[in-house]
Amino acid sequence: MKDFLISFILESIVNVGEIFLFYLLLNHKFQLKKADVSSRLKLFSCLLLQVLILSTFNCTSTSMIVILAFLLGTDILFALLFFECSLMQSILWSGIYAIIGLFADYACILLPCAIAGVDANASLFGGSLHVPITFLHLIILAVIILILIHLNTKTLSFTGLQRCVYVLLSVFGTFVAYYLLSIVLHYTAGISEKNLIDELILILFAFLFFFFTLLLFIYRVGLSQQKNLELLEQVKQQNLEEQQLQNILEMTQTLRVLKHDMSIHMDTMAALLEKNDLPALKTYMEKYHHSFEQSHHFLSTGNAVMDCILSNKILYAKQLILMWIIL
């Protein structure tokens with residue numbers, strides 16, 4: 001019972017990782033039908049049920065054909081239920097994912113044994129290497145899926161060179177783990193114990209090279225992100241300056257209109273003054289003062305920039321209200 005529980009927990013962890021990678025692949029290829037809380041709860045409930053059933057199959061020596069058929073069928077159904085995709089698209093990407101999973105199994109189990117020339121089934125299945133082999137399978141699957149996503153996604157700001165480096169680092173890191181597994185297989189089979197030190201030294205240099213390259217890649221990505229942030233800040237500053245220029249142009253146009261109106265009013269008042277028609281002049285000045293307050297409202301807060309912006313916005317708001325009333 002204890003061995004079954006440990007095996008069930010291990011298989012559940014691996015199945016969670018595999019199903020999450022399939023969800024990640026679909027999420028980058030298609031849109032979710034619904035993104036509300038209820039739909040997400042149904043989505044994760046289906047994923048959890050699939051994990052439990054798959055883990056039970058793997059721990060009860062169920063036929064591989066049955067497991068593959070169940071996995072492919074549930075993946076197709078999952079894609080149709082929760083993503084905006086057709087039946088052919090769901091079959092296509094579910095099949096691609098199944099092929100990638102089979103390749104990951106071959107790469108981490110059958111291929112190392114064939115290259116090492118050993119029969120390591122006793123160590124791989126239920127033995128000391130079962131756990132690392134299982135997680136190596138998950139890592140290889142994750143590397144392939146992430147490369148497939150990142151080469152074709154628009155959500156990452158990688159340059160062409162950075163994408164190439166990302167792929168090379170992923171492949172090289174997997175190769176280091178894979179080569180280390182081959183050394184372990186050689187050592188457990190007692191084939192090349194005399195060369196163990198040389199092979200471990202080679203792995204050490206490969207790991208150091210990989211680690212240094214990874215740090216350099218992260219540093220370059222950080223520099224690119226910093227440049228992107230600086231460019232974004234420059235764009236914001238440029239937009240602000242363009243808005244200020246637009247405010248100045250609009251205020252200049254308003255002042256031109258004001259100058260034209262004042263010139264007409266001054267001519268009118270001068271004509272009334274020449275006729276010595278003081279009552280008409282007084283009435284006109286009162287009417288002019290009222291119309292001036294209505295058409296030209298300038299704030300005076302003591303801050304020239306703030307006065308310019310607010311006065312322009314007030315005028316713009318009045319124009320919008322007038323248009324809305326007319327419509």
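Since the model is a prediction, treat every value here as computed from it, not as a measurement.

A look at the overall build of the chain
And then number 1: When helices and strands are tallied, the chain shows 10 helices and zero strands.
And then number 2: Each helix (α) and strand (β) of the chain, taken in turn from the N terminus, gives the series α-α-α-α-α-α-α-α-α-α.
And then number 3: Sorting the 327 residues of the chain into buried and exposed places 31% on the buried side.
And then number 4: Within the chain, contacts between residues separated by at least 24 positions form 68% of all contacts whose residues are at least 6 apart in sequence.

Things to note about unusual backbone geometry
And then number 1: Unlike most non-glycine residues, Asn276 shows phi in positive territory, near 60°.
And then number 2: In this fold, Asn276 is placed in the loop between helix H8 (196-274) and helix H9 (278-295).
And then number 3: Judged by its relative accessible area of 57%, Asn276 falls in the exposed class.

Describing a nonpolar patch on the surface
And then number 1: A cluster of nonpolar side chains, Leu180, Ile197, Leu200, Ile201, Leu204, Phe205, Phe207, Leu208, Phe211, Leu215 and Ile218, forms an exposed patch at the surface whose accessible area comes to about 1,000 Å².
And then number 2: Among the elements that line the nonpolar patch, the one with the most residues is H8, at 10 residues.
And then number 3: Summarising the element assignment, Leu204 is placed in helix H8.
And then number 4: The exposure class of Leu204 is partly exposed, given its relative accessible area of 46%.

Quick notes on the packing of helix H2 (residues 37-59) against helix H3 (residues 64-82)
And then number 1: Running from N to C, H2 and H3 cross one another at 180°; their axes reach a closest spacing of 11 Å. On the basis of their axis angle, the class for H2 and H3 is roughly antiparallel. Together, Ser39, Lys42, Leu43, Cys46, Leu47, Gln50, Ile53, Leu54, Phe57 and Asn58 of H2 and Ile67, Phe70, Leu71, Thr74, Asp75, Phe78 and Phe82 of H3 make up the contact between the two elements.
And then number 2: Here the residues of the contact of H2 with H3 sort into 11 nonpolar, four polar and two charged.

Conventions and cut-offs
Numbering of residues starts from 1 in every chain and runs along the sequence as written. Selection of residues for local features in this predicted model requires a pLDDT of at least 70, selection of side-chain atom pairs for listing and counting requires 80 or more, and totals for whole chains, interfaces and linings are taken over all residues. Here the side-chain values reflect all heavy atoms present in the structure, with hydrogen atoms and water set aside. In this text, helices come from DSSP runs of H or I with a minimum length of four residues, and strands from runs of E with a minimum of two, each type numbered from the N-terminal end. Buried residues are those whose accessible area, probed at 1.4 Å on protein chains only, stays under 20% of the maximum for their type, while exposed residues exceed 50% and partly exposed ones sit between those limits. Between two residues, a contact is recorded if the distance between any of their heavy atoms is within 4.5 Å. Residues enter a patch when their relative accessible area is above 30% and they make no salt bridge; the linking distance is 9 Å between like charges and 5 Å between nonpolar side chains (Val, Leu, Ile, Met, Phe, Trp, Tyr). Where accessible areas are quoted, they stem from the Shrake-Rupley method and a 1.4 Å probe; at the residue level, only the protein chains shown are allowed to cover. Salt bridges are counted wherever a side-chain nitrogen of Lys or Arg sits within 4 Å of a carboxyl oxygen of Asp or Glu. Angles shown run from 0 to 180 degrees and are taken between the N-to-C directions of axes, each axis being a line fitted to C-alpha atoms and, for helices, limited to the stretch in contact. Roughly parallel means an angle under 35 degrees; roughly antiparallel, over 145; roughly perpendicular, 65 to 115; everything else is oblique. Classification used: nonpolar for Ala, Val, Leu, Ile, Met, Phe, Trp, Tyr, Cys and Pro, charged for Asp, Glu, Lys and Arg, polar for all others including Gly.

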